[in-house]
Amino acid sequence: MSKEKEIKRINKVQIVGTLAEVGNLKYDETAEKEVTVNGEKKKIKGAITRADFKKPAFVVDVNGQMIGVTTLPTYKKKVNDKEEIVANERFKAMETIMEYEVGTRVKIDASISVGNPYKGKDGFVSVQMFNMSSTSVPEEDFAEGKVSGYIKSIKDETKGEDEKETGRLAVDFWIVNYDGTVSPFPLVVEEDIKEGFENTYEDGSSAILLFDVVSKQIGNKKSQGAGFGRKKSNITEGYTVTEYSIFDGEEPLDDESDYYIDEDVFKKLIKEYKQKKEESKNSDNNSSSSSSSNKGLGSARKSRIEDTDDDDDCPFID
């Protein structure tokens with residue numbers, strides 16, 4: 001991170017829809033983390049966690065799309081600004097959310113989270129919520145995000161062994177994390193705004209981009225029998241993927257913007273990322289022997305993301 005200028009970041013996701021899956025949160029009284037209080041290391045115990053960390057905390061039906069959201073452990077107590085261990089209000093809110101039922105209409109405030117590199121691969125991208133409410137929920141379903149970061153490259157997207165072009169763009173976009181590091185956040189651009197995007201941005205641009213969170217079913221959802229059986233098969237043959245599809249963006253940022261990332265600074269940050277990835281890979285191997293502008297793409301659609309008062313750059317880590 002540059003010593004001359006701290007890079008600020010935008011990382012917001014808002015989801016409005018109906019809860020389709022619940023029940024993957026539990027209270028774990030044995031969960032603990034180490035904190036420093038007045039120079040002394042102490043342990044805080046008791047947290048609301050996901051019962052199965054391979055599954056999302058909630059699944060939300062957004063216009064028929066099933067979008068999963070994750071959470072980090074929310075501890076019953078936290079350390080305040082005075083370095084005192086006090087009750088955690090986020091924990092109380094999570095207790096309420098745990099009681100929500102399938103069919104509850106909700107609004108979720110979240111952010112994009114990229115896990116640490118694992119086994120030499122880029123971290124898994126997820127939508128990590130820090131607030132959910134069942135009151136004052138908009139009538140229209142949507143799942144949109146807004147992020148700032150650095151465009152490393154823009155290429156035609158290809159699929160399959162023959163690398164056939166899909167007609168879309170694949171954007172190698174990097175976001176700034178709460179600790180000043182960077183992580184890859186792959187984005188796509190559909191054909192209808194492809195030309196406008198390429199005319200607006202280039203490799204090396206710092207940008208603020210707006211995107212849809214899109215859940216897609218790949219392959220058949222269920223296998224059907226030959227017609228002579230007594231019931232239909234429930235075997236799932238396809239699978240669901242989540243994509244992040246750009247629908248608009250502001251003009252490229254200049255060096256006067258708080259969100260601008262200098263090329264030399266980015267090279268240093270990505271070098272640190274690659275080093276961390278290599279260390280993770282080696283560790284795994286050893287054990288078996290992580291200025292804004294109103295102009296943009298000219299999209300006729302406006303973002304529905306509302307500003308939130310979330311001051312915690314790392315939700316649920318208190």
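We now turn to the structure provided with this report. Numbering of residues starts from 1 in each chain and follows the order in which that chain's sequence is written. At least 70 in pLDDT is required for a residue's local features to be given in this predicted model, at least 80 for side-chain atom pairs to be given and counted, and no such filter applies to totals for whole chains, interfaces and linings, which use all residues. Working from all heavy atoms in the structure, the side-chain values ignore hydrogens and water.

Between the rings of Phe, Tyr and Trp (Trp by its six-membered ring), a pair exists once the centres lie within 6.5 Å; its type follows the angle of the planes, with under 30 degrees stacked, over 60 edge-to-face, and the other angles tilted. One pass over the full model with this rule turns up 8 aromatic pairs. Among the aromatic residues, ring-to-ring pairing joins Tyr-150, Trp-174, Phe-266 and Tyr-273 into one connected group.

Our next topic: the pattern of salt bridges. Between Lys or Arg on one side and Asp or Glu on the other, a salt bridge is scored when a side-chain nitrogen of the former is within 4 Å of a carboxyl oxygen of the latter. Tallied over the full model, the rule gives 11 salt bridges. Glu-190 serves as the salt-bridge partner of Arg-168, at 2.9 Å between the closest nitrogen and oxygen. With Arg-168 in strand E12 (residues 164-176) and Glu-190 in the loop between strand E14 (187-189) and helix H2 (194-200), this residue pair connects regions lying 22 residues apart in the sequence. Residue exposure (1.4 Å probe, protein chains only): buried if accessible area is under 20% of the type maximum, exposed if over 50%, otherwise partly exposed. For Arg-168, a relative accessible area of 8% translates into the label buried. It is possible to trace a salt-bridge network through shared partners that takes in Glu-157, Lys-159, Arg-168, Glu-190, Lys-216 and Glu-243. Counting from the N terminus, the helices are the DSSP runs of H or I reaching at least four residues and the strands are the DSSP runs of E reaching at least two.

The nonpolar core is taken to be a set of buried Ala, Val, Leu, Ile, Met, Phe, Trp, Tyr and Cys residues, with the residues joined through side-chain atoms within 4.5 Å. In terms of nonpolar packing, the biggest core is built from 45 residues, with Ile-15, Ile-112, Phe-185 and Phe-197 touching the most fellow members. In contact with Phe-185, not counting residues within four places along its chain, are Ile-112, Val-125, Val-147, Val-171, Phe-173, Trp-174, Ile-175, Phe-211 and Tyr-244. Note on definitions: a residue-residue contact is assigned when non-hydrogen atoms from the two residues lie within 4.5 Å.

Attention now goes to the sheet that holds strand E3 (residues 40-50). Strands pair, by our definition, only if DSSP identifies at least two bridges between them. Spatial strand order, E2-E3-E6: 3 strands in an open sheet with antiparallel pairing. Only two strands of the sheet have a single partner each, and these edge strands are strand E2 (25-37) and strand E6 (74-75). Sheet analysis places E2 next to E3, joined by 10 bridges and oriented antiparallel. Across the sheet, residue Thr-36 finds its bridge partner in E3, namely Lys-41.

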